[in-house]
Structures are given as structure tokens and as C-alpha cells.
Amino acid sequence: MRWLFSFITFDRRELGDYEYEIEVIGYDSFAKAKKAAISCLPLGEEDNYYSKLGVTWTIQKAEVLDVSKEYYTNDEPQTL
């Protein structure tokens with residue numbers, strides 16, 4: 001299954017936001033797909049105020065790209 005996650009990251013030094021779209025393939029579980037997508041985020045070090053990569057994140061949107069296929073997930077209902 002193909003998932004597309006849209007993230008926005010925040011850093012503490014700048015007011016700007018940084019947006020990322022990450023596609024992950026091969027997970028039938030939303031929780032596992034989200035974990036894989038988060039691991040692809042280029043996050044900076046938490047205590048490095050000069051990092052422009054961001055240290056925290058929020059999911060803006062998550063969608064399944066294989067809409068023509070039937071699919072089932074093994075997850076309990078979750079909020080984003």
C-alpha cells in the first residue's frame with residue numbers, strides 16, 4: 001500500500017515553517033507507515049537552536065494513494 005504524508009516542521013529560532021511530503025510504500029498499518037515517514041524527516045538536533053531543519057513536527061495530511069484497491073489496516077482507530 002502507498003501512503004503520502006504531509007508534514008510541517010518547526011524550529012525554535014525562525015518563524016518560518018518547513019513543509020515535507022513523504023511517500024512510504026508497503027505498510028498495511030497506518031501506525032507503521034507513520035513511523036516510517038517520521039523516520040525520513042530531516043529533523044535537526046533537539047537542543048541545537050541553529051538548526052534550520054526543525055525539531056518538532058505536525059502531520060498536515062495523510063492519504064492512501066492506492067485508492068483503486070481494497071485495503072484493510074490492522075490499527076485501532078486513531079487521530080492524526
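The following refers to the structure shown. What you see as residue numbers is a count from 1 along each chain, following the sequence as written. Local features in this predicted model are restricted to residues whose pLDDT is 70 or higher, and side-chain atom pairs enter the listing and the counts only when it is 80 or higher, whereas totals over whole chains, interfaces and linings include all residues. Hydrogens and water molecules were not included; the side-chain quantities draw on all heavy atoms of the structure.

**Here we look at the pattern of salt bridges**
Whenever a carboxyl oxygen of Asp or Glu lies within 4 Å of a side-chain nitrogen of Lys or Arg, that contact is scored as a salt bridge. A complete count under the given rule lists two salt bridges for this structure. One salt bridge in this structure joins arginine 2 and glutamate 23, with 2.8 Å as the shortest N-O distance. Here the residue arginine 2 occupies a position in strand β1 (residues 2-10), and glutamate 23 occupies one in strand β2 (residues 17-25), the gap between them amounting to 21 residues. Exposure remark for arginine 2: the relative accessible area of 32% places this residue in the partly exposed category. Judged by relative accessible area, which is 39%, glutamate 23 ranks as partly exposed. Of the charged contacts in the structure, one is a salt bridge between glutamate 63 and lysine 61, with a shortest N-O distance of 3.6 Å. Burial classification: accessible surface area is computed with a 1.4 Å probe over protein chains only, and a residue below 20% of its type maximum counts as buried, one above 50% as exposed, and the rest as partly exposed. The partly exposed category is assigned to lysine 61, whose relative accessible area is 43%. In this description a helix means any DSSP run of H or I spanning at least four residues, a strand means any run of E spanning at least two, and both kinds are numbered starting from the N terminus.

**Topic: the pairing of β1**
The element β1 is largely enclosed, with a buried count of seven among its nine residues. Here eight bridges tie β1 to strand β3 (residues 56-64), and the two strands are oriented antiparallel to one another. Looking at β3, one finds that phenylalanine 7 is bridged to isoleucine 59. A pair of strands is considered paired only if DSSP assigns at least 2 bridges between the two.

**Here's the deal with the packing of aromatic side chains**
Aromatic ring pairs are defined here through the distance separating the ring centres and the angle between the ring planes. Think of it this way: a Phe, Tyr or Trp ring, Trp meaning its six-membered ring, pairs with another when their centres are within 6.5 Å, and the plane angle makes it stacked under 30 degrees, edge-to-face over 60, tilted otherwise. Tallied over the entire structure, the rule returns five aromatic pairs. On the basis of an interplanar angle of 85° and a centroid distance of 5.7 Å, the ring pair of phenylalanine 7 and tryptophan 57 is categorised as edge-to-face. In this pair, phenylalanine 7 is assigned in strand β1 and tryptophan 57 in strand β3, connecting sequence segments 50 residues apart. According to the relative accessible area criterion, phenylalanine 7 is buried, its value standing at 0%. What makes tryptophan 57 partly exposed here is its relative accessible area of 30%.

**Let's talk about helix α1 (residues 30-39)**
Among the residues making up α1, those that are buried are Phe30, Ala33, Lys34, Ala36 and Ala37. Buried residues in α1, looked at end-on, bunch into an arc of 160°, giving them a common side. Seen from the open side of α1, the exposed residues pointing more than 90 degrees away from its buried face are Lys32, Lys35 and Ser39. Its side-chain oxygen at 3.4 Å from the backbone nitrogen of alanine 31, serine 29 defines the N-terminal cap of α1. The directions considered for the arc run from the helix axis to the C-beta atoms. Counting of polar contacts relies on pairs of N or O atoms within 3.5 Å, with two restrictions inside protein: one atom must be capable of donating a hydrogen and the other of accepting it, and residues adjacent in sequence are counted only when both atoms are side-chain atoms.

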